[in-house]
Number of protein chains: 2
Amino acid sequence: MFENEEIIFYQMNGLMLGTFAQASLEADMNRGGLVRPGAFALAHNVESKAAVDAAIARLVGAGGTSLRKPDVPPPGGYRGYVADPDDHAWEIAWNPAWAIDAEGRVTFGL
Amino acid sequence: MFENEEIIFYQMNGLMLGTFAQASLEADMNRGGLVRPGAFALAHNVESKAAVDAAIARLVGAGGTSLRKPDVPPPGGYRGYVADPDDHAWEIAWNPAWAIDAEGRVTFGL
């Protein structure tokens, strides 16, 4: 993890997640007027239905707001959504057709 | 890649990128009123300054709108921003301190 006054970078599995102060992101992007909640979600895939419930409970316990209590989407599996304190949406999902390897990499499947 | 009427999934390096029809995302998330441009950017890291210019040119040629022409951010490196036709921001960045391995995985560095 790296942190300064403008951004925190988290080393993820093959990518970085950065949480940018909004004014700093707007300055870097050269565009103001960014709005929330934006038309996106960050999804975190886990390996079981129980792990979805546990992660959602942990996020809500840490100050998140439940948007959708976990249930079964049309293709199957199990997922719920929580808004973080900045109103960004996080999906926590278990999809039995999607493989998650030992290093946490997710592979699409049907 | 997987595509239906609601979503397209792209297999990325260890994760999935999904482009969701907004109404379908709102139904799945159980929250309406998502707005654009949202307070986020998707960043794609490349291995050279020339690759930043090439990627930005390709995105603009495909219908993207330049937000910031590539230049040098305060920490060094080189980056620009393009809005896609749905007004989502994409950053294309070269950061010489960030390693990119043969499989495209990015590791933070200073």
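Residues numbered from 1 in each chain as written. Chains lettered and ligands numbered in written order. Predicted model: local features only at pLDDT ≥ 70, side-chain atom pairs only at ≥ 80, totals over all residues. Heavy atoms only, no water.

A. Main features of the overall build of chain A. Along its length, chain A carries 2 helices and 9 strands. For chain A, the α and β elements follow one another from N to C terminus as β-β-β-α-β-α-β-β-β-β-β. With the C-alpha coordinates of chain A rotated into their principal frame, the extents come out at 40 × 30 × 25 Å. The proportion of buried residues among the 110 residues of chain A is 38%. Counting only carbon and sulfur atoms, one obtains 55% of the accessible surface of chain A, whose full area is about 6100 Å². On chain A, the mean spot of the 8 positive side-chain charges and the mean spot of the 14 negative ones are 10 Å from each other. (Helix = DSSP H or I, 4+ residues; strand = E, 2+ residues; numbered from the N terminus. Buried < 20%, exposed > 50% of the residue type's maximum accessible area, 1.4 Å probe, protein only. Areas by Shrake-Rupley, 256 points an atom, 1.4 Å probe, with all protein chains shown as cover. Lys, Arg positive; Asp, Glu negative; His and termini not counted. Charge placed at Lys NZ, Arg CZ, Asp CG, Glu CD.)

B. How the structure looks around the sheet that holds strand 5 (residues 65-71) of chain A. Residues and elements named next belong to chain A. With mixed pairing, 4 strands are arranged side by side in an open sheet as 4-7-6-5. The sheet is open, and its two borders are formed by strand 4 (41-46) and strand 5, each paired with just one other strand. The sheet shows a mean angle of 15° between the axes of neighbouring strands, direction not considered. Across the sheet, helix 2 (residues 49-61) touches strand 4, strand 5, strand 6 (78-83) and strand 7 (89-94), and the angle it forms with strand 6 is around 10°. (Pairing = 2+ DSSP bridges. Axes fitted to C-alpha atoms, helices over the stretch in contact; angles between N-to-C directions. Contact = heavy atoms within 4.5 Å.)

C. Seen up close, the environment of Ala62(B). All names here are of chain B. Checked against the element boundaries, Ala62 lands in the loop between helix 2 (49-61) and strand 5 (65-71). Classification of Ala62 as exposed rests on a relative accessible area of 66%. Each C-alpha atom, one on Ala62 and one on Ala99, is 28 Å from the other, the two residues being 37 residues apart in sequence.

D. Representation of the relation of the copies chain B and chain A in the model. In the superposition of chain B on chain A (RMSD 0.0 Å, axial shift 0.0 Å), the rotation amounts to 180°. Within this description, the copies of the chain are treated as partners about a two-fold rotation axis. The rotation axis passes nearest to the C-alpha of Gly38(B) in chain B, at a distance of 1.9 Å. Most of the interface of chain B is mirrored in chain A: 100% of its interface residues are interface residues there too. (Least-squares fit on C-alpha atoms with pLDDT ≥ 70 in both.)

E. Expanded view of the interface of chain B and chain A. Counting residues at the interface gives 39 residues for chain B, matched by 39 residues for chain A. Around 3400 Å² of area is buried between chain B and chain A when both sides are counted, 61% of it from carbon and sulfur atoms. Across the contact surface, chain B and chain A share 4 salt bridges. A salt bridge links Asp28(A) to Arg79(B); the shortest N-O distance between them is 2.7 Å. Taken together, the connections running from chain B to chain A amount to 22 residue pairs in polar contact (both at pLDDT 80 or more). At 5 residues, helix 1 (residues 22-29) of chain B tops the list of elements feeding residues into the side of chain B that touches chain A. For the side of chain B that touches chain A, the per-class residue count stands at 21 nonpolar, 10 polar and 8 charged. (Buried area = accessible area lost by both parts, 1.4 Å probe. Salt bridge = Lys/Arg side-chain N within 4 Å of Asp/Glu carboxyl O. Polar contact = N/O pair within 3.5 Å; in protein donor to acceptor, adjacent residues only side chain to side chain. Nonpolar A, V, L, I, M, F, W, Y, C, P; charged D, E, K, R; others polar.)

F. How the structure looks around the sheet that holds strand 1 (residues 2-3) of chain A. Spatial ordering of the open sheet is given by 1-2-3 (chain A), a layout of 3 strands whose pairing is antiparallel. At either end of the open sheet lies a strand with only one pairing partner, and these are strand 1 and strand 3 (16-20) of chain A.

G. Expanded view of helix 2 of chain A. All names here are of chain A. Relative to the 18 Å expected for 13 residues at 1.5 Å per residue, helix 2 spans 18 Å between its end C-alpha atoms, a close match to the ideal helical length. The secondary structure elements touched by the buried residues of helix 2 are strand 4, strand 5, strand 6 and strand 7. Two residues or fewer after helix 2 comes Gly63, characterised by a positive phi angle close to 115°. (Expected span 1.5 Å × (residues − 1).)

H. Quick peek at the layout of surface pockets. One number sums up the size of the second largest pocket: a volume of about 170 Å³. When grouped by side-chain class, the residues that make up the lining of the second largest pocket number 5 nonpolar, 2 polar and 1 charged. (1 Å grid on protein atoms, 1.4 Å probe; cavity = no way out; pocket = protein on both sides within 12 Å on 5 of 7 lines; lining within 4 Å. Points joined across faces, edges and corners; volume = space filled by probe spheres on them.)

Remember, this is a structural readout, not a statement about activity or role.
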